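# Close look at the chain arrangement
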Amino acid sequence: MEIAATLERIKGVVGPRGWIADPRGTEPYLVEARGLYRGATRLVVRPASTEEVAAVVRICAEAGLPIVPQGGNTGLVGGGVPPEDGHNIVLALGRMNRIRAIDPVNFTMTVEAGCILAHLHQAAAEIDLLFPLSLGAEGSCQIGGNLSTNAGGVNVLRYGMMRDLVLGLEVVLPGGRVLEGLSSLRKDNTGYDIKSLFLGAEGTLGVITAATVKLFPQIRARATALVALPEVRAAVTLLGELRAGSGDRISSFELISRPALELATRHIPGVSDPLTGAHPWYLLCELSSARAAEPLDEVLEEALGAALTRGTVLDAALVRSERERAALWKLRESIPEAQRHEGASLKHDISLPVAVLADFVARAASWIGANVPDGRLVAYGHVGDGNLHFNISQSAGSDRERFLSRADSVRCAVHELVHEFGGSFSAEHGVGRTKVAELERYTSPVELALMRAVKRAFDPHGIMNPGKVLREQ
Ligand code: FAD
Ligand code: 2HG
Ligand code: ZN
């Protein structure tokens, strides 16, 4: 069937509010957070129900029309952006934003894929419970995108990644059938865990339309501090000491390098450094508990005091109010935005065994110093999970295009070193279109063959987000 006729059938399914074709309206769906990719499409489809998604996908399957699912479009590897050739439609889930059920007895919530993450936090808080996935883009990313990228964020140390927080999924498969898997069971050993395949699949195996996620007791006590450190190794030492000393109450353990802190204080209004003097590294560390009576401030103060005496900590500022706490988190969460203000950046979302982090940073930083004269290392990240955003910002006054022209070779060198140290080239952002070659390079032939077999089994005609994660064969 002609493409124009196929698009008309799709429009008929979703009705006038369910599609956008004019270039001004489609624009926000075609560019990604850092402006690295700019795609094209003839139609953005915005279905309002699972039935509509299934009908649209069926039409696309019949016509062989490729689909790019999209949530909040905050992904950092280009997975949700359509290719430049304009041959894919974008299927944006934002109108599917209902909370279908909340079960405080079972500690679960069933939500549609287009729900914004921050809205899930609010919905859980209204019944005095917690949905713990938390990340800087939470005001605009959607749970469908979080599931599809297996998002991480700042609470992984305590609660795990998105994969650890989901019990059931509803998914429209590439042929248009609906996998009705909204289980709320915590125990269910009945064969292969099919839902797990969609978590981190980045829209290449189907369209997630709803999920049942876990809830937790609300946090009632917190202690938060910004801690200055002489070196990365001190963070790893402190992590072990604090886990033991606090009865494992750490929920966030975020490393911030001095250049990253400086970018945030320079570019983001209202962000300031609560410590005096310049230190090479900082930690934003938070202990939390669901028990109001826990003396977490004392625990943190004592542990930091002992570390100060030993010299593993140089200085520390404990927060004394919710306002001070929010200010510290703003400092941390605004670093990616501050990097954008500074110009172009080369981003490496890597993870390593915590024990080798310090050695890796020393080797990689010295390589960057010698080989990227127009760039500055702006490292930060979820050090408690061994996950660093080992980013490089272009230096002031340098040429953007020249700096970016080296992106591939720098990425190769950094990822090669990560591999040597036993780490991963994608800790939490996924593969998308940015890291397809890396997946081929660093995944064993056996695992890659299994991934390709899974892709063929779910999507034999290759209509789901083609070219993302796996190269077309
Ligand atoms: P999108 O960007 O729209 O899509 C991401 C991928 O999922 C694409 O491949 C898309 O095709 C697919 N997809 C989206 N919805 C569906 C669906 N319903 N069904 C099937 N496939 C779908 N990530 C982290 O892990 N940790 C962080 O700390 C973190 N912090 C961030 C901070 C900032 C400021 C920004 C801009 C991004 C950050 N990210 C982080 C990256 C990003 O926010 C996450 O990857 C997020 O999970 C993406 O959600 P989204 O709704 O924006 O998805
Ligand atoms: C964060 O932890 C995000 O702030 C974004 O994962 C990291 O932009 C980045 O490199
Ligand atoms: Zn991150």
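That block above? That's the structure.
### Points about the coordination of the zinc ion (ligand 3)
Those donors, His-382 (NE2), His-389 (NE2) and Glu-428 (OE), are the protein atoms that reach the zinc ion (ligand 3), and they lie 1.9 to 2.1 Å from it. Within one chain, the residues donating to the zinc ion (ligand 3) are spaced in sequence as H-x6-H-x38-E. Here Glu-428 lies in the loop between helix H15 (407–420) and helix H16 (436–442) and His-382 lies in strand S18 (residues 375–382), a separation of 46 residues in the sequence. You can call His-382 buried: its relative accessible area is 4%. Given the relative accessible area of 10%, Glu-428 is considered buried.

### With respect to the packing of aromatic side chains
For any pair of aromatic rings, the description consists of the separation of the ring centres together with the inter-plane angle of the planes. Counted according to the given criterion, the structure contains five aromatic pairs. Considering the side-chain rings of Phe-198 and Phe-458, the 5.4 Å spacing of their centres and the 85° angle between planes classify their relative orientation as edge-to-face. With a gap of 260 residues between them, Phe-198 in helix H7 (residues 194–198) and Phe-458 in helix H17 (residues 445–458) connect regions that are remote in the sequence. On the numbers, 5.3 Å between centres and 65° between planes, the contact of Phe-360 with Phe-390 is edge-to-face. Of this pair, Phe-360 sits in helix H13 (residues 357–371) while Phe-390 is found in strand S19 (residues 387–394), placing the two residues 30 residues apart along the sequence.

### A look at helix H1 (residues 3–14)
Under the 1.5 Å per step criterion, the end-to-end length of H1 is 17 Å for twelve residues, consistent within 8% with the ideal 16 Å. Turning to H1, its buried residues are Thr-6, Leu-7, Ile-10, Lys-11 and Val-14. For H1, the buried positions fall inside an angular range of 140° around the axis, keeping them on one side. Note on H1: the residue one or two positions beyond its end, Gly-15, has a positive phi of about 75°.

### A look at the site of ligand 1
Contacts to ligand 1 come from 34 residues, most closely from Pro-69, Gly-71, Gly-72, Thr-74 and Gly-75. One of the backbone nitrogen or oxygen atoms of Gly-79 is found 3.2 Å away from an oxygen atom of ligand 1. Taking Ser-148, its side chain carries an N or O atom lying 3.0 Å from a nitrogen atom of ligand 1. Compared with its free state, where it exposes 980 Å², ligand 1 has 94% of that area covered by protein. Contributions of two or more residues to the shell around ligand 1 are made by strand S3 (67–70), helix H5 (143–149) and strand S10 (207–214). Looking at which element gives the most residues to the shell around ligand 1, the answer is H5, with five residues. Both domains that furnish three or more residues to the shell around ligand 1 are identified here as domain 1 (2–92) and domain 2 (99–217).

### A word on the sheet that holds strand S9 (residues 178–181)
Across the sheet, which stays open at both edges, the five strands sit in the order S5-S6-S10-S8-S9 with antiparallel pairing between neighbours. The sheet terminates laterally at strand S5 (99–103) and S9, the two strands that pair on one side only. Neighbour-to-neighbour, the strand axes of this sheet turn through a mean angle of 15°, independent of strand direction. As paired strands, strand S8 (residues 166–172) and S9 are joined by four bridges and run antiparallel to one another. Counted as the bridge partner of Glu-170 is Glu-180 from S9. Seen against the sheet, helix H3 (residues 50–63) touches S5, S8, S9 and S10 and runs at an angle of roughly 50° to S8. Helix H4 (residues 117–126) rests against S5 and strand S6 (108–112) of the sheet, and its axis sits at about 145° to S6.

### Quick word on empty space enclosed by the protein
Enumeration according to the criterion identifies one cavity of 30 Å³ or more in this entry. Taken as a whole, the largest cavity holds about 30 Å³ of empty space. Around the largest cavity, the lining residues are Ser-148, Phe-198, Ala-201, Gly-203, Thr-204, Leu-205, Gly-206 and Ile-208.

### Some remarks on the pairing of S3
Of the two faces of S3, the one carrying Ile-67 and Pro-69 and the one carrying Val-68 and Gln-70 are both buried. Summarising the sheet, S3 and strand S4 (residues 89–92) pair through four bridges and their orientation is parallel. Looking at the pairing, Pro-69 lines up with Leu-91 of S4.

What counts, and where the lines are drawn
Along each chain, residue indices are assigned from 1 in the same order as the chain's sequence is written. Chain letters and ligand numbers both follow the written order, the letters beginning at A and the numbers at 1. At least 70 in pLDDT is required for a residue's local features to be given in this predicted model, at least 80 for side-chain atom pairs to be given and counted, and no such filter applies to totals for whole chains, interfaces and linings, which use all residues. With hydrogens and water set aside, each side-chain value is computed from the structure's full complement of heavy atoms. A donor here means any N, O or S atom no more than 2.8 Å from the metal (3.2 Å for Na, K and Ca); water is not included, so a site may seem to lack partners. Each helix is a run of H or I in the DSSP string that is no shorter than four residues. Each strand is a run of E no shorter than two, and both are numbered from the N terminus. Only protein chains enter the accessibility calculation, which uses a 1.4 Å probe; a residue is then buried when its area is under 20% of its type maximum, exposed when over 50%, and partly exposed in between. Between 30 and 60 degrees the pair is tilted, below 30 it is stacked and above 60 it is edge-to-face, where a pair is any two Phe, Tyr or Trp rings, Trp via its six-membered ring, whose centres lie within 6.5 Å. A helix is expected to span 1.5 Å for every residue after the first. What the arc covers is the set of directions going from the helix axis to the C-beta atoms. We call a residue near a molecule or strand when any one of its heavy atoms sits within 4 Å of it. Here a polar contact is recorded for every N or O atom pair within 3.5 Å, except that within protein the pair must consist of a potential hydrogen donor and a potential acceptor, and residues adjacent in sequence are included only if both atoms are side-chain atoms. Accessible areas in this description were obtained via Shrake-Rupley with a 1.4 Å probe; residue shielding takes into account the shown protein chains only. Each domain's extent was defined by an automatic or database domain assignment. Any two strands are treated as partners once DSSP identifies two or more bridges connecting them. Working convention: axes come from line fits to C-alpha atoms, limited for helices to the stretch in contact. Angles between N-to-C directions cover 0 to 180 degrees. Two residues qualify as a contact provided that any one of their heavy atoms is within 4.5 Å of a heavy atom in the partner residue. Cavity means a closed set of points on a 1 Å grid over the protein atoms alone, one where a 1.4 Å probe fits but cannot get out, pocket means an open set with protein on both sides within 12 Å along at least 5 of 7 lines, and lining means a residue has an atom within 4 Å of a point. Grid points are joined across faces, edges and corners, and a volume is the space filled by probe spheres set on the points.

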